[in-house]
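Spelled out from the first residue to the last, the chains are:
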Amino acid sequence: MPQDSDHGQTIAAQGSRIDAYVDRYAARAAGMVASEVRALFAVASRPEVVSLAGGMPYVTALPLDTVGELVADLVARRGPVALQYGSGQGDPHLREQICDVMRMEGIEANSDDVVVTVGSQQALDLITRIFIDPGDVVLAEGPSYVGALGTFSAYQAKVVHIAMDAEGIIPESLAQTIYALKTAGSPIKFLYTIPTFQNPAGVTLNTARRQQVLDICQRAGVLIVEDNPYGMLGFDGEPMRALRADNADGVVYLGSFSKTLAPGFRVGWALAPHAIRDKLVLAMESAVLSHSSFTQLAVGQYLATQPWREQIKSFQVLYRERRDAMISSLEALMPADVTWTRPSGGFFVWATLPEGLDSKALLPRAVSERVAFVPGTGFYADGGGARHMRLSYCYPEPDRIREGVRRLAGVIEQELRLRDTFGTGSSPDHIGVDTPGPDLA
Ligand SMILES: Cc1ncc(COP(=O)(O)O)c(C=O)c1O
């Protein structure tokens, strides 16, 4: 039998496995699993399905011709720079512009403390890479952003959820969890939080709690990672003051142009205290050497020549109309006992099903009724969230949102009839008893 000498394994044996390398991956690869959102994209992107699943910004609303001209002009005028390697930290002029953007959320920062990253997702990866050893604890809201949970899992972090309600993280729950973990000798590396227009819950940490969260973490010596891609997309008035605005030493702030401009540029950033910034630059260099000069300069050019504040306002109007379409149709169509959050910005509503219903079990029927959502379990690291679902209103037109909610309400009604006939077969909503689920109604 022919021998695969490099791996000391027979070709026949390789051929009989789905993955011939299954026993050779590093332990951390076991934590790399497809997100619930990704697994859904294939079905949800069929035109007949109303997708309330994905979190794609509505880039069609951008002045695409203008962006095209700007990009062409960039290559024609500054091609040798735009198409060349850049620095690990990012384009200096763009970093200055990023400081102008952050000023709108009360942040006074030096561009020297900004690292430009490949979306804020890469900033999340880098920050996890420099802080997490296997088994280290990351605190995160329950529920939390699925992409962050994926990163934490890939680095073998232990995620401990902090309870939240309609006003964001519950400070008492944060303080108690920190105390319990410290007493048990578990090293907490940071608190990961999305305080404004949270993904997936759509809730915002209120002003009083912001100070409490900062105080609790400062007293306990817990670094805060503030992830804020939606902060500028509020529907009522001025942007919320960022946590970072009130603590420059204890907060790493992550920002992104994905929702205020376009995710296709893949430009995000981290603003970090000096020493952490140094490590981030080194981690960035080892990951990608340097970010794309081309997309950084394109974003810089957009900020310098286009009315970007006006563009953000028009996104706010567009998403507010879609939020209204979703909330009004939920109110009109959902069976009693289904509850949901009322976001004042961002992309998402978090819905809670009546006792005995399981959102994951409901999904196949929903898809066959041509509507998709993301089951709540994807947003918990501990198996919780079964009675919840994330509904996004960012991408479909208002009429499609209404139609999607109508279809979903029909599926839930049918499921309730089954429950009433046959009783509940679903598992308890939350497995981690020490980390209660959110009371978001
Ligand atoms: C909370 C949160 N953080 C980070 C990201 C990543 O965004 P990007 O890498 O496009 O900047 C997303 C994307 O949806 C998000 O919702």
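To start, this report covers the structure provided alongside it. It should be emphasised that the depicted structure is a prediction, and the values quoted were computed from it without experimental measurement. (Residues numbered from 1 in each chain as written. Predicted model: local features only at pLDDT ≥ 70, side-chain atom pairs only at ≥ 80, totals over all residues. Heavy atoms only, no water.)

Some words on the packing of aromatic side chains
Rule in force here: Note on ring pairs: Phe, Tyr and Trp rings are taken, using the six-membered ring of Trp, and paired if centres are within 6.5 Å. Classes follow the plane angle, with under 30 degrees stacked, over 60 edge-to-face and the rest tilted. Starting at the N terminus, helices and strands are each numbered in turn, a helix being any DSSP run of H or I of at least four residues and a strand any DSSP run of E of at least two. Accessibility here uses a 1.4 Å probe with only protein chains present; expressed as a share of the type maximum, an area under 20% marks a residue as buried, one over 50% as exposed, and anything in between as partly exposed.
Per the counting criterion, the structure on display carries 12 aromatic pairs. Pairing Phe-131 with Phe-190 gives two aromatic rings, centres 6.3 Å apart and planes at 75 degrees, and the pair type is edge-to-face. Of this pair, Phe-131 sits in helix α5 (residues 119-131) while Phe-190 sits in strand β8 (residues 188-193), and the two are 59 residues apart along the sequence. Judged by its relative accessible area of 22%, Phe-131 falls in the partly exposed class. Of the residues examined, Phe-190 reaches a relative accessible area of 0% and is grouped as buried. With 6.5 Å between their ring centres and 55 degrees between their planes, Phe-235 and Tyr-393 make a pair best called tilted. Of this pair, Phe-235 sits in the loop between β9 (223-227) and β10 (251-256) while Tyr-393 is found in the loop between β16 (388-392) and α13 (398-422), placing the two residues 158 residues apart along the sequence.

Brief notes about the environment of Ser-144
Rule in force here: It only takes one pair of heavy atoms within 4.5 Å for two residues to be counted as in contact.
Along the chain, Ser-144 falls in the loop between β5 (137-142) and α6 (146-154). Taking C-alpha positions, Ser-144 is 25 Å from Glu-331, a pair spaced 187 residues apart along the chain. Leave out the neighbours within four places in its chain, and Ser-144 touches Leu-149, Tyr-192, Ile-194, Gln-198, Asn-199, Pro-200 and Phe-379.

Considering helix α12 (residues 359-368)
Put simply, the test is: Note that the arc is defined by the directions from the helix axis to the C-beta atoms. Here a polar contact is taken to be a pair of N or O atoms separated by no more than 3.5 Å, where protein atoms must pair a possible hydrogen donor with a possible acceptor and residues adjacent in sequence count only if both atoms sit in side chains.
Within the span of α12, buried status applies to Ser-359, Leu-362, Leu-363, Ala-366 and Val-367. With its buried residues spanning 135 degrees around the axis, α12 presents them on a single face. Of the residues in α12, the exposed ones pointing more than 90 degrees away from the buried face are Ala-361, Pro-364 and Ser-368. The distance from a side-chain oxygen at the start of α12 to the backbone nitrogen of Lys-360 is 2.9 Å, and the residue carrying that oxygen is Asp-358. With its phi angle positive at about 65 degrees, Arg-370 sits one or two positions after the end of α12.

Let's talk about a nonpolar patch on the surface
As a reminder of what qualifies: For patch building, the residue pool is restricted to those with more than 30% relative accessible area and no salt bridge; the joining distance is 9 Å between like charges and 5 Å between nonpolar side chains (Val, Leu, Ile, Met, Phe, Trp, Tyr). A 1.4 Å probe and the Shrake-Rupley method give the accessible areas. Residues count as covered only by the protein chains that appear here. Any Lys or Arg side-chain nitrogen found within 4 Å of a carboxyl oxygen on Asp or Glu counts as a salt bridge.
Where nonpolar side chains cluster on the molecular surface, the patch consists of Tyr-21, Val-22 and Tyr-25 and spans about 310 Å² of accessible area. By secondary structure assignment, the location of Tyr-25 is in the loop between α1 (11-15) and α2 (36-44).

No statement about biological role is implied by the geometric values presented.
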